[in-house]
Amino acid sequence: MLKGFVMAALGLLVALVGLDPQAGVPRYTFDQLYLWDGIALVPLVVGLFGGAEVLHIMLAKSSISGTDNTVNSYAGITRGVRETFQHWRVVGKASAIGVGIGMVPGLGGSVAQFVAYGQAQQSSKHPEEFGKGAIEGVIAAGSTSNAKDSGSLIPTIAFGIPGGAATAVLLSAFLILGLDPGKEMLTTELDVTFSMVWVAIFANIVAVALAFLFIRPLTRLTVIPGPLLVPFLLFLLILGAFTASNNYADIAVMFAAAAIGVACLRWDWPRVPFLLAVVLGSLAERYLFLSYSIFGWSWLMRPGVIVLALVVVAALTQAGRIKRRAVRARTAVEPLSRERETR
Amino acid sequence: VNTTKQADLRSDVVIGVALMLLFLAGLWASMDWPFRTALFRRLVTVAGAVFALLFVGTRLVAMRRRGTDAVTGIVPTETSPEHGAEDDEDSRELEYVYATVGRAAWARALGWVTFFVLLLPSIGLYLATAVFAFSYLRWCACRSWLFAATYAALLCGTFYLLLEVLLSVTTPEAVLW
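Quick notes on the rules
- Residues numbered from 1 in each chain as written.
- Chains lettered and ligands numbered in written order.
- Predicted model: local features only at pLDDT ≥ 70, side-chain atom pairs only at ≥ 80, totals over all residues.
- Heavy atoms only, no water.
- Helix = DSSP H or I, 4+ residues; strand = E, 2+ residues; numbered from the N terminus.
- Contact = heavy atoms within 4.5 Å.
- Areas by Shrake-Rupley, 256 points an atom, 1.4 Å probe, with all protein chains shown as cover.
- pLDDT = per-residue confidence, 0-100.
- Axes fitted to C-alpha atoms, helices over the stretch in contact; angles between N-to-C directions.
- Left-handed = near helix turned anticlockwise from the far one by under 90°.
- Nonpolar A, V, L, I, M, F, W, Y, C, P; charged D, E, K, R; others polar.
- Expected span 1.5 Å × (residues − 1).
- Buried < 20%, exposed > 50% of the residue type's maximum accessible area, 1.4 Å probe, protein only.
- Salt bridge = Lys/Arg side-chain N within 4 Å of Asp/Glu carboxyl O.
- Core = buried A, V, L, I, M, F, W, Y, C linked by side-chain atoms within 4.5 Å.

Q: Please give an account of the overall build of chain B that cites residues and values.
A: Assigned secondary structure in chain B consists of 5 helices and 0 strands. Moving toward the C terminus, one meets the helices and strands of chain B in the order α-α-α-α-α. In chain B, the proportion of contacts linking residues at least 24 apart, taken out of those at least 6 apart, comes to 53%. Here chain B displays about 10000 Å² of accessible surface, and carbon together with sulfur accounts for 70% of that area.

Q: Would you mind going over the confidence of the model for chain B in detail, with residue names and values included?
A: Residues and elements named next belong to chain B. Mean pLDDT for chain B: 82, with 82% of residues reaching 70 or above. Of all secondary-structure elements in chain B, the lowest mean pLDDT belongs to helix α3 (residues 89-100), at 69, while helix α5 (residues 145-166) reaches the highest, 91. Counting interchain partners and residues more than four positions distant, the pLDDT-below-50 stretch residues 75-83 has 27 contacts. If you check the scores for this complex, the pTM reads 0.69 and the ipTM reads 0.82.

Q: Go over the packing of helix α4 (residues 88-102) of chain A against helix α6 (residues 135-159) of chain A with me, naming the residues and quoting the values.
A: All names here are of chain A. Following both chains from N to C, one finds α4 and α6 inclined at 35 degrees, their axes separated by 6 Å at the closest point. As for the relative orientation of α4 and α6, their crossing is right-handed in sense. Contacts between α4 and α6 pair V90, V91, A94, S95, G98, V99 and G102 from the former with E136, I139, A140, S143, T144, A147, K148, G151, S152 and I154 from the latter. Partitioned by chemical class, the residues of the contact of α4 with α6 number 8 nonpolar, 7 polar and 2 charged.

Q: Now, about helix α1 (residues 2-15) of chain A: what can you tell me, with residues and values included?
A: For α1 of chain A, spanning 14 residues, the distance from its first C-alpha to its last is 20 Å, which sits close to the expected 20 Å at 1.5 Å a residue. Among all positions in α1 of chain A, only L2, K3, G4, V6, M7, A9, L10, G11, L13, V14 and A15 of chain A are buried.

Q: Give a detailed account of the pattern of salt bridges, specifying residues and quantitative values.
A: A side chain with one charge may pair with a side chain of the opposite charge, provided their charged atoms come close. A complete count under the given rule lists 6 salt bridges over all chains for this structure. In this structure, R27 of chain A and E285 of chain A form a salt bridge, with 2.6 Å as the shortest nitrogen-oxygen distance. Taken together, the residues R27 of chain A in strand β2 (residues 26-27) and E285 of chain A in helix α12 (residues 272-295) connect sequence positions 258 residues apart. You'll find R27 of chain A and E285 of chain A in the same group, each marked buried. K148 of chain A serves as the salt-bridge partner of D149 of chain A, at 2.9 Å between the closest nitrogen and oxygen. Through salt bridges with shared partners, a single network forms among K3 of chain A together with D12 and R59 of chain B.

Q: Break down the nonpolar core for me, citing the residues and quoting the values.
A: Counting residues in hydrophobic clusters, the biggest one holds 47 residues, and the most contacted among them are L55, M58 and L59 of chain A together with Y98 and F132 of chain B. Counting only elements with at least two residues in this core, the list comes to α2 (41-60), α10 (226-242) and α11 (248-266) of chain A together with α3, α4 (103-140) and α5 of chain B. No other element matches the 18 residues that α4 of chain B contributes to this core. Not counting chain neighbours up to four residues away, the residues in contact with L59 of chain A comprise V97, Y98, V101, A105, W106 and A109 of chain B. Grouped together as the second largest cluster of nonpolar side chains are 28 residues, L16 and V278 of chain A together with M20 and L39 of chain B included.

Put into structure tokens, the structure is as follows:
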């Protein structure tokens, strides 16, 4: 857990690079104009996760899946559909979490996935199987992907506050078409709102149909030999990073993030708290500044803050307890398996 | 196994100390800024330094305990509570590959990436991809000349048609292209 905290602090440190939004003071910009706007998120994510994967393929020289498991893919599809219906409670809970988190601007899909995954793990009868192929974990994380987009539509339509990049684009499209988000979208323009709801449902059905249709060629991609993928992936990594602000510095950020990602994996440090802190850092600073400006230090004693702090402490205590239980279970299993191996 | 765990603990200590120094440097730099500009930065750096210090402390204690156990002949079976920071199959596989490949493989992989990065500002993304694809497939993946050339031409051509001609995506500028 301490590693997670250290990585989160590092992420916050990275998030605060750039001009101070209040006083305009450059912070850790090292006289580089590029850094005045802060570290771009896209090259960071691309490098942190994609860079590490590409280097892995270059080192291992094998395909992504390692083995050809595509022969029985249709059997897998029917099993997947069946298991989704069997775990309808997980689907329902994760979807509700996705909608709830999607409504909060700035939190994004990855937070929804982690929360839903954690909830599914806590409520599961076999929490020790999570991370080892437990289908409930996959279902929980997957269920949030569409639910959070639907949730982010609520503040966009009702208040004109976009929850993320996609809804920000949608909001600008509303304004181009002369639609004014707010009360009108829920009264006089309700038909437009409902047509959007139906479009979202129809689009999901079409997407699932296409996925069923192309599942076999798509799974074949994972058995392509690694060296054939390397030039292709490097091209996409560099182009993806560069498009953030059409600057060579984006590519440098991507490679720096890839180095951090590889170091994290090599020495077993978590990347996700780092990324979450980078994403939420500027928001946290803005609201800290607002709270301090309005209430001074007395904001720490407000009931809402105390309740949130208690929730955080309870969550951390519970997480520590689960982790200790897992360690104890692993400790009990290891000598037995070692004994079995020696026999 | 014991030596590996001891090495892991040592690397944890080194990384922890490096991060602690980074946080302290961040705190020191924020001393010149106005209070409101520096407020969040100071909170973050102080918290980061404290967490890093705690982490280094726990690792040092674990190292000492492990050392004592090795002297007394007790092989510790306890799994570190910090082990498996990203406890999923993909991360474990990546961690395994990174930990087990030799220095030569690392040097080769990083050399190829450097080659691509050096080509990029000289001849542009499309040509750099073609040259890299051909060289990588021919000399690293040991494919035939014909296969490597065909693959490189197809890859570069497809990307050029799709991104440059159809979508007009901006790519990094180069000296020669």
